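One-letter residues, chain by chain:
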Amino acid sequence: LAFVGFSLPTFFTVMLFILFFSIKLDWFPFVFRADISATGWAWWWEHIKQSIMPVSVLGLAVTVAP
């Protein structure tokens, strides 16, 4: 499993994250939306939800890179 994680390119990991977390589980959006109509804390939460997947994939790519 570790070898598979090391050998996957970042763009493929992103596709797997999108398929699993956005389409299958419907937890996060897979397209960034700049026209969020919410205000206050709901506006912040929507922006945080949009940034969880990109930040986690880039963080994962940096931590497993040799």
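As a starting point, this report considers the structure included with it. Computed from a predicted structure; not experimentally measured.

## Quick notes on helix α2 (residues 10-24)
Helix length check: α2 (15 residues) gives 20 Å between terminal C-alpha atoms against 21 Å at 1.5 Å per residue, within 8%. Buried within α2 are the following residues: Thr13, Phe17 and Ser22. Phi for aspartate 26, located one or two positions after α2, is positive at around 55°.

## Here we look at unusual backbone geometry
The phi dihedral of aspartate 26 falls on the positive side, at around 55°, and the residue is not glycine. As for its position among the elements, aspartate 26 is in the loop between α2 and α3 (41-64). Taking the relative accessible area as the measure of exposure, aspartate 26 reaches 62% and is therefore exposed.

## Points about a nonpolar patch on the surface
On the surface, Trp41, Trp43, Trp44, Trp45, Ile48 and Ile52 cluster together into a nonpolar patch covering about 730 Å² of accessible area. Summarising the element assignment, tryptophan 43 is placed in helix α3.

Conventions we followed
- Residues numbered from 1 in each chain as written.
- Predicted model: local features only at pLDDT ≥ 70, side-chain atom pairs only at ≥ 80, totals over all residues.
- Heavy atoms only, no water.
- Helix = DSSP H or I, 4+ residues; strand = E, 2+ residues; numbered from the N terminus.
- Expected span 1.5 Å × (residues − 1).
- Buried < 20%, exposed > 50% of the residue type's maximum accessible area, 1.4 Å probe, protein only.
- Patch = residues over 30% accessible without salt bridge, like charges linked within 9 Å, V, L, I, M, F, W, Y side chains within 5 Å.
- Areas by Shrake-Rupley, 256 points an atom, 1.4 Å probe, with all protein chains shown as cover.
- Salt bridge = Lys/Arg side-chain N within 4 Å of Asp/Glu carboxyl O.

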